[in-house]
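Listed below, chain by chain, are the residues.
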Amino acid sequence: MTPSCALPVLLVIISRALEQGVTACSGGTRSILTFNSDLSPSSRGYDQRKSVVPRALAEHAHAGDFMCLQEVWLESDLREIIKYVESNFPYHYSALHSAVSVLSKAPGQQRRRLFPGVASTPCNWKLIPFFICYMVKGCSKVADTKSCMVSECKEFLFNMSRECRSCVALTSWSFHDILTICVNIVREDNRINKPGLFIASRVPLKSVEYVEFNPDRRVLTERGYIKARTQDEQLFICTHLSGQVDSTYGEVELPYRNYEEQQKNEILNLKSAFSKTPHILLGDFNTGPERTGQNALQGEMSANYALLQTMGHQNPYLRNKGSCTYCSDNPLVAMTNSSRSGSKLIDHILTRDVSFDLISVQRVLDSGVPLSAITASSWMFASTNEGGCRHRLGCIPCFPGTHMTTGARRLDRTFHST
């Protein structure tokens, strides 16, 4: 049976010789994937998509070699993805890992042995004064619950653990959701993957490290990057930069006036660390260029995208008139305000001083129903091939060279559970 094509992706073909002795899929093909999974418990369709996304990754990334995922927030979702992709990607890492392919032990595992049936939770008793403040200040009665909580109950909010704050930020800021998600003593695998990042590789990882952008500050949503060097000495940087998630800036403990300034600082951090080092930088950047005319793109924090270019990056997809990754026709895209209503290119794979030669680019697999929403989507592959891989993603012919793909997080209906 011919596998069904689902996720709309971009195919960029470039050529590069593989390091001697490093094997990947048949024919020496190497492929890179970035995808914003949008697995937030408060996002649209989460309960259905949390079981669909891991199966889609396993189905469509079977021929890949390196994967950078964003917005995998819950340990339970992380473990489910690992279960589905580990056979092809045995080397993986996140902020919840203690080493490559090894998830750290939860602090409450000893408690679980002493009190069977009681799991550790992201939030503890410090949630109580925050809840009292929430009630007294009337935050449940206002339209912008988050702004009320952050402004009126700031000290109680930031007195909680970082993991608890991260969990609260994943919810819709209703106390029903907070209690269900962050204080669930029955459900196991309760921990929060605070930056939401996850990488997996078919090729052994020589070194790997998670680096936080603001390690000494109290934040709601933790941002950072995972840097990983593979056995063939390729350096990957997987990140998810800050975006305009709310009309009101919520990171009141940081020294910035808005999300654009925060994102600029994150880019400057990357520039300081990697501007002189050959690397592949990939992920959801929440910034992109403006383009008019045919296949127009609405800019998103475009000055910050220009700043990224000062690092000497190449963007083959954009150079070849690539389409949006945050697409206005995706029904799962939440149109929170008019400034985010246009189609944008905000998910990228950027290369610096790597020996890739572009051959061609095309967007394929552009059918099906949405798999992910909020920042539209991005499947990007970059691969190298010495021989002749005959098949990729079930439908894409694979030619000698490298493939980079991105698309709008869609999934064929056959993946949906009943």
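Basis of the calculations
Residues numbered from 1 in each chain as written. Predicted model: local features only at pLDDT ≥ 70, side-chain atom pairs only at ≥ 80, totals over all residues. Heavy atoms only, no water. Helix = DSSP H or I, 4+ residues; strand = E, 2+ residues; numbered from the N terminus. Buried < 20%, exposed > 50% of the residue type's maximum accessible area, 1.4 Å probe, protein only. Contact = heavy atoms within 4.5 Å. Areas by Shrake-Rupley, 256 points an atom, 1.4 Å probe, with all protein chains shown as cover. Disulfide = S-S within 2.5 Å. Pairing = 2+ DSSP bridges. Arc of directions from axis to C-beta. Axes fitted to C-alpha atoms, helices over the stretch in contact; angles between N-to-C directions. Salt bridge = Lys/Arg side-chain N within 4 Å of Asp/Glu carboxyl O. pLDDT = per-residue confidence, 0-100.

1. So, the overall build of the protein
In terms of helices and strands, the protein carries eleven helices and 16 strands. Looking at the protein as a whole, 56% of its 418 residues are labelled buried. Taking the contacts inside the protein whose residues are at least 6 apart along the sequence as the reference set, 76% of them involve residues at least 24 apart. Of the roughly 17000 Å² of accessible surface on the protein, a fraction of 51% belongs to carbon and sulfur atoms.

2. Focus on the state of the cysteines
Within the structure shown, the criterion is met by six disulfides. Linked covalently through their sulfurs, cysteine 123 and cysteine 164 form a disulfide whose S-S length is 2.0 Å. Measuring the twist about the S-S bond at about 100°, one finds the cysteine 123-cysteine 164 disulfide to be right-handed. Taken as a pair, cysteine 123 in the loop between helix H3 (109-114) and helix H4 (127-136) and cysteine 164 in helix H7 (residues 162-170) lie far apart in primary sequence, 41 residues in all. The same class applies to cysteine 123 as to cysteine 164, namely buried.

3. What to know about the pairing of strand E12 (residues 347-352)
Here E12 lies mainly inside the structure; six of its six residues are buried. In the sheet, strand E11 (residues 279-284) pairs with E12 via six bridges, with the strands oriented antiparallel. Residue pairing in the sheet places leucine 281 in a bridge with leucine 350 of E12.

4. Description of the environment of tryptophan 73
The topology assignment puts tryptophan 73 in the loop between strand E3 (66-72) and helix H2 (75-85). With a relative accessible area of 7%, tryptophan 73 lands in the buried category. Residues tryptophan 73 and leucine 39, spaced 34 residues apart in sequence, show a C-alpha to C-alpha distance of 6.6 Å.

5. Section: helix H10 (residues 302-309)
Within the sequence span of H10, burial applies to Asn304, Tyr305, Leu307 and Leu308. Seen along its axis, H10 keeps its buried residues to an arc of 155°; they face one direction. Contacts from the buried residues of H10 go to helix H9 (259-274), E11, helix H11 (316-319) and E12.

6. Details of the sheet that holds E11
Where strands meet in a sheet, backbone hydrogen bonds hold them as pairs that are either parallel or antiparallel. Pairing is mixed across the open sheet formed by five strands, whose spatial order is E8-E9-E10-E11-E12. Only two strands of the sheet have a single partner each, and these edge strands are strand E8 (205-212) and E12. Adjacent strand axes in the sheet meet at a mean angle of 15°, parallel and antiparallel pairs treated alike. Two elements, strand E10 (residues 235-240) and E11, share five bridges in a ladder whose sense is parallel. Paired with isoleucine 237 across the strands is leucine 281, a residue of E11. Strands in contact with H9 are strand E9 (224-230), E10, E11 and E12; relative to E9, the strand with the most contacts, it is inclined by about 25°.

7. Comments concerning the sheet that holds strand E4 (residues 91-94)
Here four strands make up an open sheet; going across it, the order is E2-E3-E7-E4 and the pairing mixed. The open sheet terminates on both sides in strands that have one partner only, identified here as strand E2 (32-39) and E4. When strand polarity is set aside, the average angle formed by the axes of neighbouring strands in this sheet is 15°. With six bridges joining them, E2 and E3 adopt parallel strand pairing. Each residue of the ladder has a partner; that of leucine 39, found in E3, is valine 72.

8. Examining the pattern of salt bridges
Throughout the structure, instances matching the rule amount to 17 salt bridges. For arginine 218, the salt bridge goes to glutamate 253, with nearest N and O atoms at 2.9 Å. In this pair, arginine 218 sits in the loop between E8 and E9 while glutamate 253 sits in the loop between E10 and H9, placing the two residues 35 residues apart along the sequence. One network of salt bridges, in which partners are shared, links Glu75, Arg79, Asp189 and Arg191.

9. Some words on the confidence of the model for the protein
Confidence in the prediction for the protein averages 76 pLDDT; 71% of positions are at 70 or higher. Predicted confidence for residues 109-118 stays below pLDDT 50, and this span has eleven contacts to residues more than four positions away or in other chains. Here residues 359-367 is modelled with pLDDT under 50, and outside its nearest four sequence neighbours on either side it reaches 40 contacts, counting other chains as well.

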